[in-house]
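# Structural overview for review
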Amino acid sequence: KYNKRVDQALNALKDDSITCTIVGEGRSDGECSVVLLENGKYLGYGFCNHNLTGKPDKFSAPSFNNLKETIMLQRDNREVQAIIRSYLRTRKDYKIHLPS
């Protein structure tokens, strides 16, 4: 199951049109981390309170646009893409959510 999820995520990153949220553990028990990709480009990251989103395994995202307003915008580059791919390959503590 894990390997299938990693393969799906890595294949999705190769697709220039993927728009998704990668949700992981936060800095404390009450939050989760979010990394946003839009049209295959890294937008940035941020942290959301579980009261707003639910825990990572039961993540219920506010609209993608609302999340965009709360993240710290960052530049996309090859190094960032490599870090994201490495994280997806080596970690198991995340979920990928596609906007509705």
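Attention now goes to the sheet that holds strand 2 (residues 31–38). Spatial ordering of the open sheet is given by 4-3-2-1-5, a layout of five strands whose pairing is antiparallel. Only two strands of the sheet have a single neighbouring strand rather than two, namely strand 4 (72–73) and strand 5 (94–97). Judged from the six bridges that link them, strand 1 (residues 20–25) and strand 2 form a sheet pairing that is antiparallel. Following the sheet pairing, Glu25 is matched in strand 2 by Cys32.

Tallied over the entire structure, the rule returns three salt bridges. Residues Arg27 and Glu31 are paired through a salt bridge, measuring 2.7 Å at the closest nitrogen-oxygen approach. A relative accessible area of 63% places Arg27 in the exposed class. Residue Glu31 is classed as buried on the basis of its relative accessible area, which comes to 12%. With its nearest N and O atoms 2.6 Å apart, the salt bridge here joins Asp93 to Arg91. Of the residues examined, Arg91 reaches a relative accessible area of 37% and is grouped as partly exposed.

About the criteria used
Residues numbered from 1 in each chain as written. Predicted model: local features only at pLDDT ≥ 70, side-chain atom pairs only at ≥ 80, totals over all residues. Heavy atoms only, no water. Pairing = 2+ DSSP bridges. Helix = DSSP H or I, 4+ residues; strand = E, 2+ residues; numbered from the N terminus. Salt bridge = Lys/Arg side-chain N within 4 Å of Asp/Glu carboxyl O. Buried < 20%, exposed > 50% of the residue type's maximum accessible area, 1.4 Å probe, protein only.

Fair warning: the whole summary comes from geometry, so function is off the table for now.
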